[in-house]
Amino acid sequence: MSVMRKVLLAGSTNPWLRDRATKTAFVRRSVSRFMPGEHVEDALRAAAELKPQGITTILTKLGENLTGVEEAEQVTLHYLDVLDRIDASGLDAHISIKPTQLGLDFDRALCERNLDRLVERADALGNFLWIDMESSIYVERTIELFRRARTQTARVGIALQAYLYRTEKDVESLVPLGAAIRIVKGAYLEPPTVAFPKKSDVDANYLKLCTRLLAPEARKPGALLHIATHDIALADRLATYIRDHRVPASAYEFAMLYGIQRNQQARLAQQGQRLRVLISYGEYWFPWYMRRLAERPANMWFVVRTLFG
Ligand code: FDA
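*Asks:* Sorry if this is basic, but what is going on with the site of the ligand here?
*Replies:* Around the ligand sit 26 residues in total, of which K185, G186, K199, T229 and E295 are the nearest. A distance of 2.6 Å separates an oxygen atom of the ligand from a polar side-chain atom of K185. Here an oxygen atom of the ligand sits 2.6 Å away from a polar atom, N or O, in the side chain of T229. Considered on its own, the ligand offers 930 Å² of accessible surface; in the complex 87% of this is hidden by protein. At the level of secondary structure, the elements contributing two or more residues to the shell around the ligand comprise β4 (156–161), β5 (180–184), β7 (252–257) and α12 (286–295). A per-element tally of the shell around the ligand places β7 first, with 3 residues. When grouped by side-chain class, the residues that make up the shell around the ligand number 12 nonpolar, 6 polar and 8 charged.

Here it is as structure tokens:
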């Protein structure tokens, strides 16, 4: 892992930096590249703008590790409202939540109840709820939450991170369920005891996990693979695999983050590939923004250009 990536990821959890940065106009300006705004209305507008290109979306409110249990209730009510708004808008937009936003750090039973409420509403509206994967200390509990929700509906999916050694086993254990799985490389600062330190190993594992999930025996009712990456070489290799193995279009979607690799997003959509763009919004964007910078240190130049531009 590069020194710059380590520094940016360490900075992402620093409260002093967060306070300073979020009040700085140039940082706020550069964030807008990855985030259409702080409110759900901004995200819905961005989703509507992507629709003519045939690009569908996932909406997620930024924020993690709540400071009080009452915030979990607010987040739950917010997402219930978002599900209703999506329904009224006629957009094909999923939602994606973080278990810590629903209260996992405070009270697991509360988190389960909140998730139940959201899963029930998503199911009733014929929508879909994704569970993000946070840092490695949450993986076990997040998978348990997913398994529980999956007994209620197939309209729920989970993100798994290719940088973790354990993910191969987790994938194997979830295949029999017919699970919707979003494979990502992984965005947090993890020690070499739990995660591959070398990017080439993460990339190789990514390919391995996706091909496993695209195999005929993994295609059970409810199964869906989200190939969530901006790594175009990897996405193209998987597209070739899909073509060569005649994987049905219903088995997978590509997924990318709003504002990243826009040209490639348009290219995939023009090729007729199903592409879902994850749109983040919310006031609590600092740690998320630092993780985006860490993914591509060249983005720092963008910040510098914004500062002097
Ligand atoms: P990689 O980092 O190798 O990047 C490949 C190329 O893409 C780079 O060379 C660059 O050109 C471009 N690129 C990547 N990131 C960029 C950026 N920020 N700005 C500009 N260019 C960039 N993580 C997690 O831990 N839990 C989760 O639940 C999720 N959820 C999630 C959903 C979706 C839809 C996506 C696309 C990603 C996530 N992630 C995530 C984030 C993920 O783990 C990972 O950190 C990023 O996607 C970056 O990794 P890539 O796979 O894009 O490859």
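Additional details are given in the paragraphs that follow.
*Asks:* I would appreciate a short explanation of the packing of aromatic side chains in the present structure.
*Replies:* The description of two aromatic rings rests on the distance between their centres and on the angle between their planes. Counted by the stated rule, this structure contains 3 aromatic pairs. Each ring, one from F128 and one from W130, has its centre 5.0 Å from the other, and the planes form 45°; the classification is tilted. Across the pair, exposure class does not vary: F128 and W130 are buried alike. For the ring pair Y165 and F196, a centre distance of 4.8 Å and an interplane angle of 80° mean the geometry is edge-to-face. Linking Y165 in the loop between β4 and α8 (167–174) with F196 in the loop between β5 and α9 (199–214), this pair joins segments that are 31 residues apart in sequence. Taking NZ or CZ as reference, R262 lies 5.2 Å from the ring centre of Y258, over its face.

Analysis parameters
Residues numbered from 1 in each chain as written. Predicted model: local features only at pLDDT ≥ 70, side-chain atom pairs only at ≥ 80, totals over all residues. Heavy atoms only, no water. Near = heavy atom within 4 Å. Polar contact = N/O pair within 3.5 Å; in protein donor to acceptor, adjacent residues only side chain to side chain. Areas by Shrake-Rupley, 256 points an atom, 1.4 Å probe, with all protein chains shown as cover. Helix = DSSP H or I, 4+ residues; strand = E, 2+ residues; numbered from the N terminus. Nonpolar A, V, L, I, M, F, W, Y, C, P; charged D, E, K, R; others polar. Phe/Tyr/Trp six-rings, centres within 6.5 Å; stacked < 30°, edge-to-face > 60°. Buried < 20%, exposed > 50% of the residue type's maximum accessible area, 1.4 Å probe, protein only. Lys NZ or Arg CZ within 6 Å of the ring centre and 35° of its normal.

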